[in-house]
Each structure stands twice: as C-alpha cells, then as structure tokens.
Amino acid sequence: MSTDHHPIAIVGGGLGGLTAARVLHVHGIESTVFDLEAGPEARTQGGMLDIHEENGQQAIRAAGLHDEFRKIIHEGGQAMRLLGPDGTVHLDAEDEGDGGRPEVDRGDLRDLLLDSLPEGTVRWGRKVTGVRPLGDGRHEVTFADGSSVTTGLLIGADGAWSRVRPLLSDAVPAYTGISFVESDLYEADRRHPRSAAVIGGGFFLCLGDRRGFLAHRETDGSLHVYTALKADEDWVDTIDFTDHAAAKSAVLAHFEGWDEDLRGLVAHADTLTPRRIHALPVGHRWQRTRGVTLLGDAAHLMSPFAGEGANLAMYDGAELALALAAHPGDTEAALTAYEEPLFPRGEASAVESARSLDTMFGTDGLEQMVGFFTSAPAE
C-alpha cells in the first residue's frame with residue numbers, strides 16, 4: 001500500500017482529538033483524525049458529562065460551537081442527590097439552571113463536534129499498531145489493516161493506553177485501587193420506577209464503607225450507574241460477567257445490609273461492564289520532542305473523581321490548536337507554548353482527583369462529602 005502524508009495527524013477521535021481538529025479548522029488549518037472505531041455509530045459513547053465553564057466550555061467557545069452546545073444541555077441535569085447506605089437522603093439539590101456546569105450526553109457532544117468537521121477529516125477503522133520517528137520531526141503511523149501514513153505533526157489523543165505516548169515517556173497507567181461495575185437501567189420511569197426515584201433527575205452519589213454508587217439520569221430516560229469499591233486489581237477477573245445473575249450476586253455480596261432500593265441499582269441492571277480505574281503518575285511530563293505531543297488522557301490520565309477528564313481533554317485540544325494557529329510555520333514554538341501550561345494544569349487536576357478518590361473511598365467518605373457539598377459556596 002502507498003503511504004499518504006498528512007501535515008497534522010491526530011490519533012484518536014474522542015472529544016479531545018475532535019476539539020483539536022475543529023479549532024484547527026476554524027483557523028483554516030487542515031488536520032486528519034485517525035480512529036480505531038469502524039464508524040461514528042460503532043458503539044454508544046456512554047455517560048453524562050458536566051462541562052465546566054473554566055475549561056470545557058472555553059474549548060467549545062474556541063470551536064465556535066457554544067450556541068449549538070446550549071441546545072444539547074440536559075435541563076435539570078445539575079440536580080444532585082447524596083445518600084447513605086441505609087437510604088437516608090443527606091442532600092437533595094435541584095438544578096439551579098445557572099449553566100456553570102451543565103450536563104450533556106457524551107454522545108451528543110461527540111456528534112456536535114463530528115458534524116462540525118469537513119467530510120473526510122475523520123478516517124474510521126484505523127487502529128494504530130505502531131509509530132516510529134523518521135527524523136526531522138516526521139513520524140510514520142502504521143495501522144492494523146497494513147496501511148501507514150507519515151506526518152509532520154503527530155498528536156496523541158488516543159487515551160489511557162496511548163500508542164503515541166511511548167515516543168515521549170516511559171510512564172504507564174497504574175491501578176488506583178478502585179474498580180467499577182458500569183451498568184444501565186433502560187426506560188427507567190416505566191421499567192425501574194423505584195430506581196428512577198432513588199436517582200432523581202440528575203447526578204446521584206451514595207457512599208459508605210469504602211464503596212458506593214455514582215449515577216446519572218440520561219437524556220434517553222435510562223439510568224447510568226457506576227458501582228464502585230476498593231478492590232484488588234484482579235477482583236473483576238474473579239467474576240463471570242457473561243452470567244448476569246451470578247455477576248450481580250457477586251457484586252451485591254459487597255453491599256450486604258445496604259438499602260434494598262440501592263441494591264436494586266445492581267439487581268435490576270440491564271447491562272454490567274467491569275472497569276478498573278487507572279491513572280498516570282501525578283505530574284506526568286516529558287521532554288520537548290520534535291513533531292509529537294499528547295493531549296487528554298494520553299497526557300494526564302487520572303481517576304474520574306475530580307470530573308475533569310473530558311473537560312481537560314477538550315481544553316487541551318483547543319489550546320494546542322490555538323498555539324499552532326498563533327505560531328504559523330513554527331511547530332516547535334507552538335508545541336512549547338502548548339506544553340508549558342499543560343503540565344501544571346494536568347498536575348493540579350490529578351492531585352485533586354487523587355485527593356477526591358481518597359476522600360470518597362475512605363472510612364468516612366459519606367461524612368466528608370456531605371460536609372464538602374453543604375459547605376461549598378454556590379457556583
């Protein structure tokens with residue numbers, strides 16, 4: 001196969017990579033995104049995201065998409081409920097509608113970004129199997145189908161297990177000690193009314209004894225639940241998740257004595273997917289290396305307990321694109337300008353995330369979070 005050359009190649013079509021491509025396009029700079037998925041509908045994108053004014057929404061503004069973004073906000077999604085293991089409600093806050101951290105469906109946001117790109121920007125079905133430097137800042141990217149491309153600027157937006165990161169760093173994600181079982185309860189108001197009532201209209205959190213439930217009501221009327229607990233790294237391997245009944249029993253064994261409606265979030269789940277939570281070392285950084293950089297989880301993977309992952313990925317993508325636009329013809333100056341604030345920004349959020357993990361899954365996680373939310377100043 002012939003090898004095509006792309007001046008800017010972005011590996012990974014998640015929110016960060018797509019934001020970078022969009023902001024580049026706004027500034028008249030062409031890029032190509034390579035994604036391993038077969039197409040935009042290959043899988044559901046999962047989960048609600050709260051998009052923060054100070055980073056995620058700034059990226060959306062840089063992309064020229066803020067008006068369209070307002071149309072996909074989940075009204076009422078900023079509501080929050082915080083419960084204890086016995087079902088006691090410690091906090092029940094309505095959505096104030098101030099827009100500071102509005103909730104949107106990840107899939108809707110991804111579609112917004114995809115639809116804003118010129119046709120052909122994203123090349124689907126391109127799973128990266130190798131990357132290598134060619135000298136003078138150029139790189140070759142090889143794909144599972146045997147094809148390859150060369151590029152003058154390689155951007156690794158390819159997530160936790162980035163194939164681009166080893167060009168810059170020996171760091172690998174480490175297990176944080178927390179495992180999730182992710183689940184969905186479809187048509188919640190009709191099929192799972194008790195679970196729907198427990199979750200409420202927005203974000204839901206229940207903590208106790210180093211474990212708990214984190215959940216959202218989705219825009220399609222389903223409930224998306226993360227059952228979380230401190231566990232050995234091999235815990236999920238001890239459960240056969242192809243046997244739903246057995247898997248539910250194994251998970252619920254860790255919630256003996258908890259309120260039955262809380263246990264129902266697992267007992268009545270329509271799907272079950274195990275996930276280990278990993279993170280890169282806090283303060284991960286690399287030496288400036290010609291023609292390549294990282295953004296999002298590839299650069300600063302952290303646990304989700306600061307709620308910054310998607311926001312930072314989009315902000316990284318926008319900041320990288322803006323730096324390239326501000327330094328035409330001088331890629332290295334652009335990458336230096338991008339990376340200098342990237343490292344402390346990522347470190348600050350990683351510290352916050354690690355601290356939140358320790359707080360939420362400590363012995364008094366519920367009490368700590370009740371204190372945090374009831375004493376925090378209004379946004």
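Keep in mind that this is a model prediction, so the values were computed, not measured. Each chain carries its own residue numbering, running from 1 in the direction its sequence is written. Thresholds applied to this predicted model are a pLDDT of at least 70 for local features of residues and 80 or more for the giving and counting of side-chain atom pairs; totals over whole chains, interfaces and linings are not thresholded and use all residues. Excluded from the side-chain calculations are hydrogens and water; all other atoms, namely the structure's heavy atoms, are used.

> Quick one: what's the story with the packing of aromatic side chains, residue by residue and with numbers?
Between the rings of Phe, Tyr and Trp (Trp by its six-membered ring), a pair exists once the centres lie within 6.5 Å; its type follows the angle of the planes, with under 30 degrees stacked, over 60 edge-to-face, and the other angles tilted. Per the stated rule, a full pass over the model turns up nine aromatic pairs. A centroid spacing of 5.2 Å and a plane angle of 35° characterise the contact between Phe34 and Phe143, whose relative ring orientation is tilted. Within this pair, whereas Phe34 is found in strand E2 (residues 32-34), its partner Phe143 is found in strand E9 (residues 138-143), the two being separated by 109 residues in sequence. You can call Phe143 buried: its relative accessible area is 2%. With a centroid separation of 4.8 Å and 90° between ring planes, the pair formed by Trp286 and Phe343 is classed as edge-to-face. You can see Trp286 sitting in the loop between strand E15 (273-279) and strand E16 (292-294) and its partner Phe343 sitting in helix H11 (residues 331-360), a full 57 residues away along the chain. With respect to burial, Trp286 and Phe343 carry one shared label: buried. Through pairs of rings, three or more aromatic residues link up here, namely Phe180, Tyr226, Phe305 and Phe361. In this description a helix means any DSSP run of H or I spanning at least four residues, a strand means any run of E spanning at least two, and both kinds are numbered starting from the N terminus. We call a residue buried when its accessible area falls under 20% of the maximum for its residue type, exposed when it is over 50%, and partly exposed in between, using a 1.4 Å probe and counting protein chains only.

> Go over the pattern of salt bridges, please, and point to the residues and values.
Salt bridge criterion: a side-chain nitrogen from Lys or Arg within 4 Å of a carboxyl oxygen from Asp or Glu. Applying the stated criterion across every chain, the model contains 15 salt bridges. Among the salt bridges present, the one from Asp316 reaches Arg345, with a minimum N-O distance of 2.9 Å. Here Arg345 lies in helix H11 and Asp316 lies in helix H10 (residues 309-326), a separation of 29 residues in the sequence. The pair Asp316 / Arg345 is uniform in exposure class, with both members buried. Via salt bridges that share partners, Arg288, Glu332 and Glu339 belong to a single interconnected network.

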